[in-house]
Amino acid sequence: MKYILSILLTIILFLGCSNQPQVQKNVVIFEKLPKTNLIKSDFTKLPNWEKENYENLLATFLYNCKTSKTKKLYKQLCKKAKYIDSTFKIFIENEFTPYQVVTKSGEKDGLLTGYYEAELKGSLTKTKKYRYPIYETPDDLIVVDLSSIYPNLKNYRLRGRVVDNKLIPYYTRGESLSKKIPAKVICYTDSKIDLFFLEIQGSGRVILEGGKTIFIGFDNQNGHRYRAIGRYLVKIGALKLKDVSLQTIRKYLDENPSKVDEVLNYNKSVVYFKQRKNPASGALGVKLTPNRSIAVDRSYIPLGSMLYLDSKIDNKEVDRVVFAQDTGGAIKGAIRADMFLGHTKEAMEIAGELKSPLKLWILLPKDDMK
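Everything numeric here is computed off the predicted structure, so don't read it as measured data. (Residues numbered from 1 in each chain as written. Predicted model: local features only at pLDDT ≥ 70, side-chain atom pairs only at ≥ 80, totals over all residues. Heavy atoms only, no water.)

**Brief notes about the state of the cysteines**
Should the sulfur atoms of two cysteines be covalently bonded, the bond is a disulfide. Using the following cut-off: Here, a disulfide means two cysteine sulfur atoms that sit within 2.5 Å of each other. In this description a helix means any DSSP run of H or I spanning at least four residues, a strand means any run of E spanning at least two, and both kinds are numbered starting from the N terminus. Only protein chains enter the accessibility calculation, which uses a 1.4 Å probe; a residue is then buried when its area is under 20% of its type maximum, exposed when over 50%, and partly exposed in between.
With the rule as written, the count across this model stands at 1 disulfide. A disulfide bridge connects Cys65 with Cys78, and the sulfur atoms are separated by 2.1 Å. Across the S-S bond linking Cys65 and Cys78, the dihedral sits near -75 degrees, which makes this disulfide left-handed. With Cys65 in the loop between α2 (54–64) and α3 (68–74) and Cys78 in helix α4 (residues 77–80), this residue pair connects regions lying 13 residues apart in the sequence. The exposure classification of Cys65 matches that of Cys78, with both residues buried.

Okay, here's the thing in structure tokens:
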């Protein structure tokens, strides 16, 4: 079954790529980034490059270097950065080259959104008030890694459960409501809406009865494609497209309790969590840094990568170095980033409204790209 599914997926990917537009002449594609279209640039073309806080940036770079994925990307540069004699700005300019990320058709503009660390109320035991479970990864969830057969499919996973020796799709969000999921419950919360938005954010903290705080983060997913409930609310006429935000979605759900299950179940994807020792950490495995950490589509941008973005947040120009430390079901495409904004109420409010045009550069080691 594994081999058949792998072959079918390969054929689908091949057919899906056969009619793509031609790549522009000045676009370069590196063997290590086969899907990512890049245009070579230089640091003088990065907006407000001179205004970056390089002392702060060095600390974040060294912290990012703690992971094996980052060390593999930057090899000796992680060690070299610990002992630089000059400023970190000079180090970056001497060791890296910026490449602007573009689409296959040459488009340079993408989308920046934001996310935050959610906060929920909860209990370790199920009660009348706290009755919505936050699950760990189910025991019967099977994850098939296709890279063992087709290395080119290393970023693809098949998820499901085995019934009569066949791999079938795992339970959808709606199906999970009526099924006994074979998974450990981390804790219970008092709001299915808060739990849904926790899944969207990917990490959070739960304030338990008695005041203790536990931290939880993304561990796995049921294999169904993420579908934005905001689009569904537009489709049924509940919201206008221009008005869709976390705040307007939440307001609709609070005012229409009889519609909550219908709307939430439109997104068949379910996220499973793991209890963590520290606050929000992303797919890279390090604690996220507000305004420095972004979630990316890792089929285009490797986790651990250092990038530069140009956008706006809360109507203010934002030009800075960021690090690809997380992923997300809604983060698809090369010029796409979801910035971690922190834990505060202000972070939640900004994240809920943030939808800004984005220009993105990836900073690649000069020696590695020769």
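**Observations regarding the environment of Arg161**
Which entries qualify depends on this criterion: By definition in these notes, contact holds between two residues if any of their heavy atoms fall within 4.5 Å. Polar contacts, as counted here, are pairs of nitrogen or oxygen atoms within 3.5 Å of one another; within protein the pair requires one atom able to donate a hydrogen and one able to accept it, and residues that are adjacent in sequence qualify only if both atoms are side-chain atoms.
Mapped onto the fold, Arg161 is located in strand β7 (residues 157–163). A relative accessible area of 18% means that Arg161 is categorised as buried. In this structure the C-alpha to C-alpha distance between Arg161 and Leu141, which are 20 residues apart in sequence, comes to 5.4 Å. In this view, Arg161 contacts Asp140, Ile142, Lys166, Leu167, Ile168, Pro169, Tyr170 and Tyr171; residues no more than four positions away in its chain are not counted. Within polar-contact distance, the side chain of Arg161 engages the side chain of Tyr171 at 3.4 Å.

**Quick notes on the sheet that holds strand β6 (residues 142–145)**
Formally: Think of it this way: DSSP has to see at least two bridges between two strands before they count as a pair. Lines are fitted to the C-alpha atoms to define the axes, a helix being fitted only along its stretch in contact, and any angle between axes, read from their N-to-C directions, falls within 0 to 180 degrees.
One open sheet accounts for 3 strands, arranged β6-β7-β8; its pairing is antiparallel. Looking at the sheet topology across the chains shown, the edges are occupied by β6 and β8 (166–168). Strand after strand, the sheet turns through a mean of 55 degrees between neighbouring axes, direction not considered.

**Quick notes on the pattern of salt bridges**
Just so we agree on the cut-off: Salt bridges are defined as contacts in which a side-chain nitrogen from Lys or Arg sits within 4 Å of a carboxyl oxygen from Asp or Glu.
Enumeration according to the criterion identifies 16 salt bridges in this entry. Put simply, Glu117 and Arg205 hold a salt bridge, and the shortest N to O gap is 2.9 Å. Taken together, the residues span a long stretch of sequence, with Glu117 in the loop between β3 (110–115) and β4 (118–123) and Arg205 in strand β10 (residues 203–208) at a distance of 88 residues. A residue is classified by how much of its surface remains accessible, and Glu117, at 3% relative accessible area, is buried. Its relative accessible area of 17% is what places Arg205 among the buried residues. Three or more residues are tied together by salt bridges with common partners; here these are Glu50, Lys89 and Glu93.

**Quick notes on the packing of aromatic side chains**
Let me state the cut-off plainly: Two aromatic rings from Phe, Tyr or Trp, using only the six-membered ring of Trp, form a pair when their centres are within 6.5 Å; if the ring planes differ by under 30 degrees the pair is stacked, by over 60 it is edge-to-face, and anything between is tilted. Our definition puts a charge over a ring when NZ of Lys or CZ of Arg is within 6 Å of the ring centre and also within 35 degrees of the ring normal.
Summed over the entire model, instances satisfying the criterion amount to 15 aromatic pairs. Between Tyr170 and Tyr272, the ring centres sit 6.5 Å apart and the planes meet at 85 degrees, which makes this aromatic pair edge-to-face. Taken together, the residues span a long stretch of sequence, with Tyr170 in the loop between β8 and α6 (173–176) and Tyr272 in strand β12 (residues 271–276) at a distance of 102 residues. Comparing Tyr170 with Tyr272, the two get one shared label, buried. Ring geometry for Phe196 and Phe197: centres 5.9 Å apart, planes at 80 degrees, overall edge-to-face. Residues Phe196 and Phe197 agree in their burial class; the two are buried. Put simply, the rings of Phe43, Trp49, Tyr54, Tyr308 and Trp361 pair up and form one aromatic cluster. Over the ring of Tyr300 we find Lys35, and its NZ or CZ is 4.8 Å from the ring centre. The ring of Tyr266 has Arg227 sitting right over it, with the charged end atom 4.0 Å from the ring centre.

**Comments concerning the sheet that holds β10**
Ordered by their spatial adjacency, 6 strands build an open sheet running β5-β9-β4-β10-β11-β12, and the pairing between neighbours is mixed. For this open sheet the edge positions go to β5 (132–135) and β12, each flanked by a neighbour on one side alone. For this sheet the average axis-to-axis angle between neighbouring strands, irrespective of direction, equals 45 degrees.

**Points about the environment of Pro47**
One can find Pro47 in the loop between β1 (37–40) and α2. For the pair formed by Pro47 and Asp319, sequence separation is 272 residues and the distance between their alpha carbons is 6.3 Å.

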